[in-house]
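Examination of the molecular architecture
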Amino acid sequence: MANAQAAPSSSAWAPLREPLFRALWIASFASNVGTWMQNVAAAWLMTSLTSSATLVALVQTATSLPIFLVALPSGAIGDVVDRRKLLLVSQGWMLAVAGALGILTLLGATTPWVLLLLTFALGLGAAMMLPTWQAIQPELVPREEFPQAVSLGAVSFNLARAVGPALGGLLVTLAGPGAVFLVNAASFLAVAIPIYRWHRPADESTLPPEHILAGIWSGLRYVRHAPAMRAVLIRASVFIFFAS
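Residues numbered from 1 in each chain as written. Predicted model: local features only at pLDDT ≥ 70, side-chain atom pairs only at ≥ 80, totals over all residues. Heavy atoms only, no water.

Re the overall build of the protein chain
Each helix and strand in the protein chain was counted, giving 10 helices and 0 strands. Helices and strands in the protein chain line up, N terminus first, as α-α-α-α-α-α-α-α-α-α. Relative to the 2.2 N^0.38 estimate, which gives 18 Å for 244 residues, the radius of gyration of the protein chain is 20 Å and therefore close to what a compact globule would have. Counting every position in the protein chain, which comprises 244 residues, the buried fraction comes to 36%. Considering only residue pairs separated by 6 or more positions, the protein chain has 86% of its internal contacts joining residues 24 or more positions apart. The distance from the centre of the 13 positive side-chain charges to the centre of the 9 negative ones in the protein chain is 8 Å. (Helix = DSSP H or I, 4+ residues; strand = E, 2+ residues; numbered from the N terminus. Rg over C-alpha atoms; globule rule 2.2 N^0.38 Å. Buried < 20%, exposed > 50% of the residue type's maximum accessible area, 1.4 Å probe, protein only. Contact = heavy atoms within 4.5 Å. Lys, Arg positive; Asp, Glu negative; His and termini not counted. Charge placed at Lys NZ, Arg CZ, Asp CG, Glu CD.)

This is how it looks when you write it as structure tokens:
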């Protein structure tokens, strides 16, 4: 009985035996920690730049608004272009934005509106990356291990959510928000390296590439006629509404 109970526990970690998945999982955890550190540092910096409650609140708005605006187009783009290249461009974009924010902050040149603009730019990079990041997961592990891979992704995100804010607050206290922004920039490099080394097979299709608008409508039609998918989206929407 003890052995029967232990088997599921060990199999839950099976995807980590895949070298590429393991490297990306570790890198993703580092990037998620950096993102949560960034959130703490951005909010802290805004409170030191202005006493406006509206501007302080807009930091979170600038972080989340890109997901609302471009989640559907970014998912369609990820189906049209080379996913590996899109991930590399997204990581490079976020590395450059976070690095610029860190340097400007260390130089004392960051204003409230610069902070909001660059925070929005970081959120835009994340919004462009996330659908494609989810879409490549079946390519990283065998089909039978995909549920465990999804669970490990949730573990990585929630563990980073627990650790990141604490580390962010500590580093802000020790070195200031500029240092946190630079650490976040380095976390994007940690993700870009294994993606760059990934020799992904080229997609071969005899059909012409799908247009982005057509891809969006195809996705909406799929959700419309997929009861299981609709149920997941409705539950997530209800949770997010009340959590917000």
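Here we look at the nonpolar core
In this structure, F21, L115, W133, L140 and F181 are the most contacted members of the largest nonpolar core, which totals 40 residues. Where this core is concerned, the elements lending two or more residues are α2 (19–49), α3 (53–80), α4 (83–106), α5 (112–135), α7 (146–175) and α8 (177–197). Take this core: its biggest share by element is 10 residues, from α2. (Core = buried A, V, L, I, M, F, W, Y, C linked by side-chain atoms within 4.5 Å.)

Considering the environment of L118
Tracing the sequence through the fold places L118 in helix α5. The class of L118 is buried, set by a relative accessible area of 15%. Each C-alpha atom of the pair L118 and G169 lies 20 Å from the other, and the pair is 51 residues apart in sequence.

Notes on the side chain of R84
Structurally, R84 can be placed in helix α4. Nearest to the buried, unbridged R84 among oppositely charged side chains is D82, at 5.3 Å. Non-local contacts of R84, meaning those with residues more than four positions away in its chain, are made with I195, Y196, W198 and R200. (Salt bridge = Lys/Arg side-chain N within 4 Å of Asp/Glu carboxyl O.)

Let's talk about the pattern of salt bridges
Enumeration according to the criterion identifies 3 salt bridges in this entry. Here D79 makes a salt bridge to R83, at a shortest N to O gap of 2.8 Å. Under the relative-accessibility criterion, D79 is labelled exposed at 54%. For R83, a relative accessible area of 18% gives the class buried. Several salt bridges converge on common partners, so that one network encompasses D79, R83 and E139.

Here we look at the side chain of S90
Summarising the element assignment, S90 is placed in helix α4. Residue S90 is classed as buried on the basis of its relative accessible area of 4%. In contact with S90, not counting residues within four places along its chain, are G125, M128 and M129.

A look at the packing of aromatic side chains
Applying the stated criterion across every chain yields a total of 2 aromatic pairs. Geometrically, the ring pair formed by F241 and F242 is edge-to-face, given 5.1 Å between the ring centres and 85 degrees between the ring planes. Take F241 and F242: they sit in the same class, and that class is exposed. (Phe/Tyr/Trp six-rings, centres within 6.5 Å; stacked < 30°, edge-to-face > 60°.)

Structural notes on the packing of α2 against α8
For the pair α2 and α8, interaxial distance at closest approach is 8 Å and the crossing angle is 160 degrees. The angle between α2 and α8 falls in the class roughly antiparallel. For the crossing formed where α2 meets α8, the hand is left-handed. Taken together, the residues of the contact of α2 with α8 sort by class into 18 nonpolar, 7 polar and no charged. (Axes fitted to C-alpha atoms, helices over the stretch in contact; angles between N-to-C directions. Parallel < 35°, antiparallel > 145°, perpendicular 65-115°, else oblique. Left-handed = near helix turned anticlockwise from the far one by under 90°. Nonpolar A, V, L, I, M, F, W, Y, C, P; charged D, E, K, R; others polar.)

Concerning the packing of α4 against α5
Here α4 crosses α5 at 160 degrees, and the two axes come no closer than 9 Å. Judged by the inter-axis angle, α4 sits roughly antiparallel to α5. Every pair of crossing elements has a handedness; the one defined by α4 and α5 is left-handed. Mapping the contact onto sequence places R83, L86, L87, S90, Q91, W93, M94, V97, A98, L101 and L104 in α4 and V114, L115, L118, A121, L122, G125, A126, M128, M129, T132, W133 and A135 in α5.

Observations concerning a nonpolar patch on the surface
Judged by side-chain polarity, V155, L159, V163, L167, L170 and L174 come together as a nonpolar surface patch covering roughly 510 Å² of accessible area. Checked against the element boundaries, L174 lands in helix α7. (Patch = residues over 30% accessible without salt bridge, like charges linked within 9 Å, V, L, I, M, F, W, Y side chains within 5 Å. Areas by Shrake-Rupley, 256 points an atom, 1.4 Å probe, with all protein chains shown as cover.)

With respect to α7
Helix length check: α7 (30 residues) gives 40 Å between terminal C-alpha atoms against 44 Å at 1.5 Å per residue, within 8%. The largest bend along α7 measures about 30 degrees and falls at R161, with the proline P165 one to four residues further on. Taken together, the buried positions of α7 are Q148, A149, L152, S156, A160, G164, G168 and V172. (Expected span 1.5 Å × (residues − 1). Bend = angle between axes of the 7 residues up to and from the residue.)

Read these as spatial facts, not as claims about activity.
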